[in-house]
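So you can see what is in the structure, the chains are spelled out below.
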Amino acid sequence: MSREKGYILDKEAEKKCRVIFERACENAEFGNGRFVRNVLEQAIIKQSSRIVSEHKNETLDKMVISTLSASDFNINAAKTYKPARIAIGF
C-alpha cells in the first residue's frame, strides 16, 4: 500500500509496522484493510510534520520526501490495539 502511494519504509519502520500489525491481528475486531490504510495515512501526516521541523529552509530530494521512518508510526491508530491483558482473579 505504501509503494502504491509512492512511499518506502526504512528498516526500522518495517519492524515497527510488523509489531503494530501483529498486535492488531490478535484482536477479534481487527479490520485489516481499513486499519492499514489508517496507519499509513496517519504516518504520512506525521512524516510531513517531521520533515518540516527537521529540514527548515532546505531543498529536499525525493528520497527524504518519500521515506517513512519508525517515528512516523508513533500514531493513534497504532495504539488502537494493545496487547491483551490477562485477567487474574474471579
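Computed from a predicted structure; not experimentally measured. (Residues numbered from 1 in each chain as written. Predicted model: local features only at pLDDT ≥ 70, side-chain atom pairs only at ≥ 80, totals over all residues. Heavy atoms only, no water.)

**Section: the environment of Arg-3**
Which entries qualify depends on this criterion: The way it works is that DSSP assigns letters per residue, a run of H or I at least four long becomes a helix, a run of E at least two long becomes a strand, and they are numbered from the N terminus.
The topology assignment puts Arg-3 in the segment before strand E1 (8-9). For the pair Arg-3 and Ser-66, spaced 63 residues apart in the sequence, the C-alpha separation amounts to 9.5 Å.

**Focus on the nonpolar core**
Our working rule: Here, the term nonpolar core denotes a set of buried Ala, Val, Leu, Ile, Met, Phe, Trp, Tyr and Cys residues that are joined through side-chain atoms within 4.5 Å. Summary of the burial criterion: residues with accessible area below 20% of their type's maximum are buried, those above 50% are exposed, and those between are partly exposed, where the area comes from a 1.4 Å probe applied to protein chains only. Here, residues are in contact when the closest pair of their heavy atoms is within 4.5 Å.
Membership of the largest hydrophobic core comes to 14 residues, with the highest contact counts inside it found for Phe-35, Val-39, Ile-44, Leu-68, Phe-73 and Ala-77. Listing elements by their share of this core, those giving two or more residues are helix H1 (11-25) and helix H2 (32-54). The biggest single contributor to this core is H2, with five residues. When neighbours within four sequence positions are excluded, Ile-44 is seen to be in contact with Lys-5, Tyr-7 and Leu-68.

**Some details on H1**
Quick note on the threshold: Multiplying one less than the number of residues by 1.5 Å gives the expected span of a helix. Each direction from the helix axis to a C-beta atom contributes to the arc, which is the arc of those directions.
Taking 1.5 Å per residue as the helical rise, H1 with its 15 residues ought to reach 21 Å, and the 21 Å between its terminal C-alpha atoms agrees with that figure. Listing the buried residues of H1 in full gives Ala-13, Cys-17, Ile-20 and Ala-24. Looking straight down H1, one finds its buried side chains confined to an arc of 65°; they lie on one side. Turned more than 90 degrees off the buried face of H1, the exposed positions are Lys-11, Lys-15, Arg-18, Glu-22 and Cys-25.

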